[in-house]
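# Inside the fold
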Amino acid sequence: MRPLCTKVRAEKFTGCLLGLALGDALGAPFEGRYTVRGGEIEKIASSLELLRYTDDTHMAIGVAESLIACRGLDGEHMAKTFVRNFRKEPWRGYGPGPPEVFRRIESGIPWYSAAEEVFPGGSYGNGAAMRIAPVGLFYHRNPEKIREAAYLCSRITHTHPLAKDGAVVIAAAVAFAVVYGSEGRRSDLLDYLSAFSLPEVYRSKLGKIPELALRGDRREVVRELGNGVEAFNSVPTAVYCFLTGDSFEKTVTGAISLGGDCDTIAAMAGAIAGAWWGIEAIPSRWLEKLENAEYIKSLARKIYKLTVD
Ligand code: RVK
Ligand code: MG
Ligand code: MG
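Residues numbered from 1 in each chain as written. Chains lettered and ligands numbered in written order. Predicted model: local features only at pLDDT ≥ 70, side-chain atom pairs only at ≥ 80, totals over all residues. Heavy atoms only, no water.

### What about the coordination of the magnesium ion (ligand 2)?
Within the protein, T54 (OG1), D55 (OD), D56 (OD) and D263 (OD) serve as the donor atoms for the magnesium ion (ligand 2), at 2.1 to 2.3 Å. The metal-metal distance between the magnesium ion (ligand 2) and the magnesium ion (ligand 3) is 3.7 Å, with D263 serving as a donor to both. Of this pair, D56 sits in helix α3 (residues 55-70) while D263 sits in helix α14 (residues 262-277), and the two are 207 residues apart along the sequence. When sorted by exposure, D56 lands in the same class as D263, which is buried. (Donors = N, O, S within 2.8 Å, 3.2 Å for Na, K, Ca; no water. Helix = DSSP H or I, 4+ residues; strand = E, 2+ residues; numbered from the N terminus. Buried < 20%, exposed > 50% of the residue type's maximum accessible area, 1.4 Å probe, protein only.)

Right, here's the structure in full:
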């Protein structure tokens, strides 16, 4: 891949975190559905006064807050931030695992081992990947640090290797989008990801994307890549949505249309697409209704200041 020659723009950072939150908020009303028609998304979006986000964004906010406060990834600080944020807003629709991890941390179990036994072998849910975008922003200049940082961030709640590697894929995709966005080719993302020595399930699913993209058959995409809550059944799907959506809007609506865990797939795809096209590509009719948009934007700007300015 060619080296970074132009300064990356702050609009990509704000686009990334707002894109994550919008994918989450727009997808949330449809979570668990078999399929969703494009018109339904717009109908719900225009009928709601507020586009309210869920645990995906709530946890990504915690990741960003902690990265900013510590000027890097500090596992203990981030774990405390997650617990504090969860206690303030436990109603955000968290999966079963993280609240149990938080209870364990509060009972005195160290943050680095609290998640180990919540599921056999640790959780392989997509909860680590859905919140990881700020890590991709923070380390966009240092791809060699992305794995270590994504693993550390995941370890707090998701210790299964497939959850951790799912987080690596999304963090790396965000870093790629920030650095190469607009000028490069989106399809180069698959090459970029191949440098991360991912487990077989990710290599095989990512390898199927070009063919699936040619056919564009929704049912085949769900069958081959998945649309479930497991990291390996949603992370490659989010990458597919980014690679086949020709705009921010199409990426997010395409992700939601797949149904299943569509708030999370749209959150991950929205973060990558927002980082690629920047905030200016996000429809203002959606942005104006997004809950806490100014705060989310301010976090993205702070990460930009710490890493680029
Ligand atoms: C509600 C067996 C396992 C497993 C293991 C399954 C929010 C469990 C967000 C578990 C996201 C679920 C989602 C999710 C994020 C995981 N053996 N089953 N080793 N590991 N599972 O609980 O943060 O929507 O059924 O850790 O990853 O919008 O409940 O939560 O869609 O995956 O939750 O894993 O969930 P958790 P999470
Ligand atoms: Mg959610
Ligand atoms: Mg979800």
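From this point, things continue past the structure.
### Describing the site of ligand 1
Near ligand 1 lie 22 residues; those nearest to it are G97, S123, Y124, H158 and D261. In this structure, D55 approaches ligand 1 through a side-chain N or O atom, which is 3.3 Å from an oxygen atom. Within the backbone of G127, a nitrogen or oxygen atom sits 2.9 Å from an oxygen atom of ligand 1. Considering ligand 1 on its own, with 730 Å² of exposed area, one finds that the protein chains cover 81% of that surface. (Near = heavy atom within 4 Å. Polar contact = N/O pair within 3.5 Å; in protein donor to acceptor, adjacent residues only side chain to side chain. Areas by Shrake-Rupley, 256 points an atom, 1.4 Å probe, with all protein chains shown as cover.)

### Thoughts on the packing of aromatic side chains
Considering all chains together, one arrives at 15 aromatic pairs under this definition. Note on W111 and Y112: the rings are 5.7 Å apart at their centroids and 85° apart in plane angle, and the pair reads as edge-to-face. For W111, a relative accessible area of 15% puts it in the buried group. With a relative accessible area of 41%, Y112 lands in the partly exposed category. (Phe/Tyr/Trp six-rings, centres within 6.5 Å; stacked < 30°, edge-to-face > 60°.)

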